[in-house]
Amino acid sequence: MAGCFGGDEEENGEENGDENGTATEDPGELEDLQEGGHLRAGVGSNVDSFDPPYSNDTTSTLSQSLIFESLATTDNEGNLYPWLAEDWEVVDAQDVAVDGTDYEPYMRTITAGEEGVVDTDGQQEVVRHPQDLAPEEGDEVRTLLFEDAADAVEDGTYGVHIRYHLREGVEFHNGEEVTAENVVASYDRIQLSDVDAQYFDSTLYYEEIDEYTVDIYAQVPDAEAERELPPLYVYTVEQAELPNGELDPRQGNDPIGTGPYEFVEMEDEQYVDYEKSDSYWVEEMGVDSIDWFDGPEAYPDGPVIDEVSLEIIPDDATRSGALQDDEIDVTTGLASATLNDFDADDEFTVTAVETGGYTYLQPPVNVEPWDDQRLRQAFNKLVPRDLIVENIFDGWARPAFTMIPELAQGAGTADAAALEDDVRHYNEYDPEEASEMVQEVFDDYGIEAPLEVQLETNVDNDDRVAMVELIAESMQETGLFETTVETYEWTTYLGRVLDPEYGERGHIAGVGLSGTFNPHSFCDALHHSSNVGQCCNLAGISEDWIDEALDNARYGAEVAEDVDLRRERYDELFRDLEEYAGSAVTHFGVQESVLTADLSNWAQWPFHEDYLSYALYAPADERVAWFEA
């Protein structure tokens, strides 16, 4: 999956857990475990949706993660474990062409309409012929639709075939048992949704084999197939068949999942309440019934905190005050200077790990003179990454001289230090060299300085606004730019930058993005042409060589079977992307929690969207949080 937008809560933190705050607390002694209590978590934005295929913000995902579960779970190093699926097996892999041409015999031809739009008559497009990716009105477009993919699978034309065996006896909160029908219906709900591109850039087909068996097929040999193919969550059939976006209590449909907590009530823009399910399947079966679990006998069969509330408090300072006034027990996304104060106070604990979240800006690569690579490279040299980390994040971040954070370096680079040595010069702050490069471009284009530039970001993240203002100031000080900074409320901003035409307006957008353990999520979302108008190629970058290099780093039998080759391809890709300079990644933050001292055994997840569900109950890492009596 490409990733989820971070509203205002994913980027503050420390560099490594040594200089500021602490890393995840050491596991507590389980004999001290206390049951009960009501956890009040302060979050910085509203829960806009409980309907996962129709939500893009991390607070909504954070809320959903308490209720819904998936076929697999993950430990804090990204290793996968069966969850709603008792196990799975990679049946086989076929060496089909990465460009999709092997599916041509199964494609149908559709005449492109106005502006090249291809009307699939309400069916999910899975693979388009590589020669028909950018049609004009009246062009014939060859495309494989989901229902036609069944024929390809039947003929043995697919990338990877994975068979999932569901755990029998798992029930939703309403008592309905999870079966293969639920998995298929949940996947159906993704079709033609707001996140369909994230799934159907790799998924070819899925089908129910029997009551507890589901087969999922990848389009091509995919090194990330086991992580990327399963649907994010599994829903009841009734929920899966709801109209788009209506799996939401505001539409009269309370979310029902298999997770440890049940939805109770909400007040829009105010709070959401949950309570522990009295029929959670892990408690019913016992955590020892899970084959891979090898934890201590005292490890509980579910979370031990009875109630959870999300308190919607958009302003960082107000949320900080609420923590000090004992109105909430935990929060994240506070201003960096505030973290130091909490870290020094014995009444509170700060836990932090480097996150996969990162912040980036994109110049308008398709608008003159920004279509000149030299100007974009100069812009990168005007981003004062060290100063941003030191002055704005007070050390609670790491400058991004490459695009890949530590947690994704395992599969994403053969030698992280060598990669940084090679590309660091593209991102070193050097206003003198940058000015020379800008002037050279202006001379070639006949542009008289200053060039007017508008930088934009969301208003509800103080650190991010300060960062964008600092970059604007850096540009202005060259005397070659006249900069303005515009800020927007998060939801408004999200709609603005996800407009497919946004890149043509000539602005520089700054946003936060949450990646995954997959190195692909730190380059694909920003640069692949399929993510224009979706999360998060805001500038409209569309280069065949980038698409091909991205695909070749992840897809194909060679990289699926040879992790070293995959690392080499990512190294080459990251070097090329830094030279192209379509994105300026500024820093890697850390995911932190600030909590009251009476919360014990709090474990820190590296991504915002699951940090609560992970801290409350994480059997893969044998962690569980509790309140001291």
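Residues numbered from 1 in each chain as written. Predicted model: local features only at pLDDT ≥ 70, side-chain atom pairs only at ≥ 80, totals over all residues. Heavy atoms only, no water.

### Topic: the overall build of the chain
Inference 1: Counting its regular elements, the chain contains 21 helices and 23 strands.
Inference 2: By the compact-globule yardstick of 25 Å for 629 residues, the chain fits well, its C-alpha radius of gyration being 24 Å.
Inference 3: Across its three principal axes, the chain shows a C-alpha extent of roughly 70 × 65 × 45 Å.
Inference 4: A buried classification covers 60% of the 629 residues belonging to the chain. (Helix = DSSP H or I, 4+ residues; strand = E, 2+ residues; numbered from the N terminus. Rg over C-alpha atoms; globule rule 2.2 N^0.38 Å. Buried < 20%, exposed > 50% of the residue type's maximum accessible area, 1.4 Å probe, protein only.)

### Some details on the sheet that holds strand E6 (residues 108-111)
Inference 1: If you trace the three strands from one edge of the open sheet to the other, you get E6-E8-E7, paired in antiparallel fashion. Strand pairing shows two members of the sheet lacking a second neighbour, E6 and strand E7 (125-128), which therefore form its edges. With strand direction ignored, the average angle separating the axes of adjacent strands in the sheet is 50°.
Inference 2: Note: E6 against strand E8 (residues 140-145), four bridges, orientation antiparallel. (Pairing = 2+ DSSP bridges. Axes fitted to C-alpha atoms, helices over the stretch in contact; angles between N-to-C directions.)

### Topic: the packing of aromatic side chains
Inference 1: Evaluation of the coordinates by the stated rule reveals 33 aromatic pairs.
Inference 2: Centroid distance Tyr81 to Trp292: 4.7 Å. Interplanar angle 45°. Geometry classified as tilted. Placement of the pair is Tyr81 in strand E4 (residues 80-82) and Trp292 in the loop between helix H7 (281-285) and strand E14 (307-312), with a sequence separation of 211 residues.
Inference 3: Three or more aromatic residues link up through ring pairs in this structure, and these residues are Phe146, Tyr187, Tyr199, Phe200, Tyr205 and Tyr206.
Inference 4: It is Arg376 that lies over the ring of Tyr580; its NZ or CZ is 4.4 Å from the centre.
Inference 5: For the cation-ring pair, Arg424 lies above Phe401, with the distance from its terminal atom to the ring centre recorded as 3.8 Å. (Phe/Tyr/Trp six-rings, centres within 6.5 Å; stacked < 30°, edge-to-face > 60°. Lys NZ or Arg CZ within 6 Å of the ring centre and 35° of its normal.)

### What to know about the environment of Leu480
Inference 1: Topologically, Leu480 is positioned in the loop between helix H15 (462-476) and strand E19 (481-488).
Inference 2: Residue classification places Leu480 among the buried positions, given a relative accessible area of 8%.
Inference 3: Ignoring any residue separated from it by four or fewer positions in sequence, one finds Leu480 in contact with Ser435, Val438, Gln439, Phe442, Ala449, Pro450 and Leu451. (Contact = heavy atoms within 4.5 Å.)

### Considering unusual backbone geometry
Inference 1: Residue Glu368 is joined to Pro369 through a cis peptide bond whose omega torsion reads 5°.
Inference 2: Mapping Pro369 onto the fold places it in the loop between strand E16 (348-362) and helix H10 (373-381).
Inference 3: Of note, the bond from Ala449 into Pro450 is cis; its omega dihedral lies within 30 degrees of zero at 5°.
Inference 4: Tracing the backbone through its elements, the reader meets Pro450 in the loop between helix H14 (431-445) and strand E18 (451-458).
Inference 5: A positive phi is found at Asn601, a non-glycine position, where the angle reads about 65°.
Inference 6: Mapped onto the secondary structure, Asn601 falls in the loop between strand E22 (599-600) and helix H21 (611-616).

### Quick look at the environment of Asp194
Inference 1: Mapped onto the fold, Asp194 is located in the loop between helix H3 (180-190) and helix H4 (196-199).
Inference 2: A residue is classified by how much of its surface remains accessible, and Asp194, at 40% relative accessible area, is partly exposed.
Inference 3: When sequence neighbours within four positions are dropped, the list of residues in contact with Asp194 reads Pro53, Tyr54, Asn56 and Gln534.

### As for the pairing of E16
Inference 1: Within E16, 14 of the 15 residues are buried, leaving the element largely enclosed by the surrounding structure.
Inference 2: Looking at chain direction, E16 and strand E21 (residues 584-596) are connected through 11 bridges and run antiparallel. Opposite Val353, over in E21, you have Gln591 as the bridge partner.
Inference 3: As paired elements, E16 and strand E20 (residues 508-514) share six bridges and run antiparallel to each other. Looking at E20, one finds that Gln362 is bridged to Ala509.

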